[in-house]
Amino acid sequence: MDLLKRKIETEGRVLSNQVLKVDTFLNHQIDPELMVEIGKEFAQRFKDDKITKVLTIESSGIAPGLMAALELHVPVVFARKRKSLTMVNDLLTASVHSFTKNETNEISVSQKFIEPTDNVLIIDDFLANGQAALGLAEIVEKSGANTAGIGIVIEKSFQDGGQLLRNKGFKVESLAQIASLENGKATFLDEAEV
Ligand code: 5GP
């Protein structure tokens, strides 16, 4: 998705060979116009997959997840990283090791929001080692529903997550794939020299 790639080039900050900061448009401040286009792109890529629900994770997955759900005309549910006081019964949970925080959290979704008949599209902002997406897929599995696909805004293809998820048979669609963050610069997979 060219619009996204140009935004990463102009506003992304490479913090290390592993971490990209995109807090001017995705992770802190949010660019609504870009988010609309991201939603349309996800909807286009999953239009034949009979999606009935979008599942994402707070907080940075909510904006792209919401826009994808809007375009697909389905509800969006976000997994919580901290238990809410009002969320006590019938929780579906999974353990997720956070790449950026280097800690393991239990994520949870109220069982009533994912039906066994649902065909779920998982959306997240970044794909690194795949732990967040796998945790969400585990929650879908526990609910008895089906994971129809995984949509990622920015995949860091030099990390293991993409291959891990694709090897498990998931349809993974990433709107920007980064081959490297070396030399302080994001190089995209389809623009890298081969
Ligand atoms: P994974 O679970 O695939 O290892 O990592 C994905 C999660 O870690 C995403 O939900 C995202 O919040 C965070 N993350 C991973 N890599 C980056 C990165 O380079 N930049 C930012 N801002 N977040 C990242």
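Residues numbered from 1 in each chain as written. Predicted model: local features only at pLDDT ≥ 70, side-chain atom pairs only at ≥ 80, totals over all residues. Heavy atoms only, no water.

An unreviewed UniProt entry lists the protein chain under the name Xanthine phosphoribosyltransferase, with Fredinandcohnia quinoae given as the organism. Under the UniProt heading Function (unreviewed entry), the entry covering the protein chain gives this text: "Converts the preformed base xanthine, a product of nucleic acid breakdown, to xanthosine 5'-monophosphate (XMP), so it can be reused for RNA or DNA synthesis." Per its UniProt entry, the protein chain bears the Catalytic activity (unreviewed entry) comment "XMP + diphosphate = xanthine + 5-phospho-alpha-D-ribose 1-diphosphate". (UniProt positions renumbered as here; feature names shortened; annotations may be inferred.)

### Quick look at the nonpolar core
Formed by 33 residues in total, the largest nonpolar core has its most connected members in L4, I8, L20, I38, F42 and I154. Taken together, the elements giving at least two residues each to this core come down to α1 (2-11), α2 (32-45), α3 (62-72), β7 (119-127), β8 (146-156) and β9 (172-180). Leaving out residues up to four positions away in the same chain, F42 has contacts with P64, A68, I123, G151, I152, V153, E173 and L175. Residues V77, V109, I122 and V172 belong to the second largest nonpolar core, which totals 24 residues. (Core = buried A, V, L, I, M, F, W, Y, C linked by side-chain atoms within 4.5 Å. Buried < 20%, exposed > 50% of the residue type's maximum accessible area, 1.4 Å probe, protein only. Helix = DSSP H or I, 4+ residues; strand = E, 2+ residues; numbered from the N terminus. Contact = heavy atoms within 4.5 Å.)

### A closer look at the UniProt feature "binding site: 5-phospho-alpha-D-ribose 1-diphosphate" (unreviewed entry) in the protein chain
Mapped onto the present numbering, the UniProt feature "binding site: 5-phospho-alpha-D-ribose 1-diphosphate" (unreviewed entry) falls on A128, N129, G130, Q131 and A132. By the secondary structure assignment, G130 is in the loop between β7 and α4 (131-143). G130 has contacts with G161 and L165, leaving out every residue within four places of it along the chain. Along the chain, the position of A132 falls in helix α4. Residues within four places of A132 in sequence aside, it is in contact with V96 and D124.

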